[in-house]
Amino acid sequence: MMGLIIAAVIIAFLLIMGIYVAATYNSLVNLKNTVEEAFATMDVYLKKRWDLIPNIVESVKGYAKHEAQTLEKVISARSVRYGDMTDEQKLQTNMQLSRELASINVLAEQYPDLKANQNFLDLNRQLNETEEDIANARKYYNAVVRNYNNKIEMFPSSIVANMFKFGKRQMFVIEDEAEKEAVKVRF
């Protein structure tokens, strides 16, 4: 009789542990997929900005031919094909682009004719809207990454996360103090 009770307790314990592991695993998969979806959303806006940059550079080139160094920095930041970059490379490259785009806006301040050019104004309006979309997407992405990282680091779900090799994700952070200033498009 005692052996039967011990066997029942062991089976109940294993059943509870199995249910917990399955539920935690499913929760981790859900969070991982949410992080990927959040990155994909942000990636759409990063790609849109990526595609706007050559048009802005071409607009500026006509007015500021002797400012080639500033324009070359922007172009060099785009030297890799966007689709060939890893997610981490996309985050790093777009942080660099934010810095370089700020220099184009400073350059635009020096050329009144450029500031009045309708094509340039439209491109900068689109860029400003895209920057706002990126900021909102960054907030959402960082929030879901925080939830995911909390889940994989907190006990006891960290045990399941380690068993199934769920890894920590990187937040989209601004490392440069100058970049923490918003990119301002003013005319």
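What counts, and at which threshold
- Residues numbered from 1 in each chain as written.
- Predicted model: local features only at pLDDT ≥ 70, side-chain atom pairs only at ≥ 80, totals over all residues.
- Heavy atoms only, no water.
- Axes fitted to C-alpha atoms, helices over the stretch in contact; angles between N-to-C directions.
- Helix = DSSP H or I, 4+ residues; strand = E, 2+ residues; numbered from the N terminus.
- Left-handed = near helix turned anticlockwise from the far one by under 90°.
- Contact = heavy atoms within 4.5 Å.
- Nonpolar A, V, L, I, M, F, W, Y, C, P; charged D, E, K, R; others polar.
- Core = buried A, V, L, I, M, F, W, Y, C linked by side-chain atoms within 4.5 Å.
- Buried < 20%, exposed > 50% of the residue type's maximum accessible area, 1.4 Å probe, protein only.
- pLDDT = per-residue confidence, 0-100.
- Salt bridge = Lys/Arg side-chain N within 4 Å of Asp/Glu carboxyl O.
- Phe/Tyr/Trp six-rings, centres within 6.5 Å; stacked < 30°, edge-to-face > 60°.
- Lys NZ or Arg CZ within 6 Å of the ring centre and 35° of its normal.

**Student:** When you look at the packing of helix H3 (residues 87-109) against helix H5 (residues 118-153) in this model, what are you seeing that I'm missing?
**Tutor:** Helix-helix packing is characterised by the crossing angle of the two axes and by the distance between the axes. H5 packs onto H3 with a crossing angle of 145 degrees between their chain directions and a minimal axis gap of 13 Å. The way H3 lies across H5 gives a crossing that is left-handed. Judged by residue contacts, Leu91, Ser98, Leu101, Asn105 and Ala108 of H3 engage Phe120, Asn124, Leu127, Glu131, Arg138 and Tyr141 from H5. Residue classes in the contact of H3 with H5 are distributed as 6 nonpolar, 3 polar and 2 charged.

**Student:** Looking at this structure, I do not really get the nonpolar core. What am I missing?
**Tutor:** One recurring pattern in soluble globular proteins: nonpolar side chains tend to sit buried together. Counting 39 residues, the largest nonpolar core has Met42, Ile56, Tyr141 and Phe172 as the members making the most contacts within it. At the level of secondary structure, the elements contributing two or more residues to this core comprise helix H1 (2-63), helix H2 (68-77), H3, H5 and helix H6 (157-163). Looking at which element gives the most residues to this core, the answer is H1, with 13 residues.

**Student:** Explain the confidence of the model for the protein to me, please; I cannot follow it from the model alone.
**Tutor:** Averaged over all residues, the pLDDT of the protein equals 83, while 86% of them reach at least 70. Mean pLDDT per element in the protein: helix H4 (residues 112-116) is the minimum at 68, and H6 is the maximum at 96. Across residues 182-187, where pLDDT falls below 50, the model places 15 contacts with residues more than four positions away in sequence or in other chains.

**Student:** Would you take a moment to explain the pattern of salt bridges for this structure?
**Tutor:** Between side chains of opposite charge, a pair can form as their charged atoms come close. Applying the stated criterion across every chain yields a total of 9 salt bridges. Lys90 is the salt-bridge partner of Asp43, the closest N and O atoms lying 3.0 Å from each other. Note that Asp43 is positioned in helix H1 and Lys90 in helix H3, a separation of 47 residues in sequence. Lys90 matches Asp43 in its accessibility class, with the two residues each being buried. For Arg125, the salt bridge goes to Glu129, with nearest N and O atoms at 2.9 Å. In this pair, Arg125 and Glu129 are both assigned in helix H5, 4 residues apart and thus about one turn of the helix distant. For Arg125, a relative accessible area of 41% gives the class partly exposed. Take Glu129: its relative accessible area is 36%, and that puts it in the partly exposed class. Among the charged side chains, a network of salt bridges with common partners joins Lys32, Glu36 and Arg169.

**Student:** I'm lost on the packing of aromatic side chains in this one. Help?
**Tutor:** The tally for this structure, following the rule as stated, stands at 4 aromatic pairs. Ring centres 5.7 Å apart and planes at 65 degrees place the aromatic pair Phe39 and Tyr141 in the edge-to-face group. You can see Phe39 sitting in helix H1 and its partner Tyr141 sitting in helix H5, a full 102 residues away along the chain. Taken as a pair, Phe39 and Tyr141 share a single burial class, namely buried. Members of the aromatic cluster, connected to one another through ring pairs, are Tyr25, Phe164 and Phe166. Sitting over the face of the ring of Tyr148, Arg169 holds its NZ or CZ atom 6.0 Å from the ring centroid.

**Student:** Explanation requested: the environment of Val145 in the structure shown.
**Tutor:** Relative to the elements of secondary structure, Val145 occurs in helix H5. For Val145, a relative accessible area of 0% puts it in the buried group. With 25 residues separating them along the chain, Val145 and Gln170 place their C-alpha atoms 7.4 Å apart. Not counting chain neighbours up to four residues away, the residues in contact with Val145 comprise Val35, Arg169, Gln170 and Met171.

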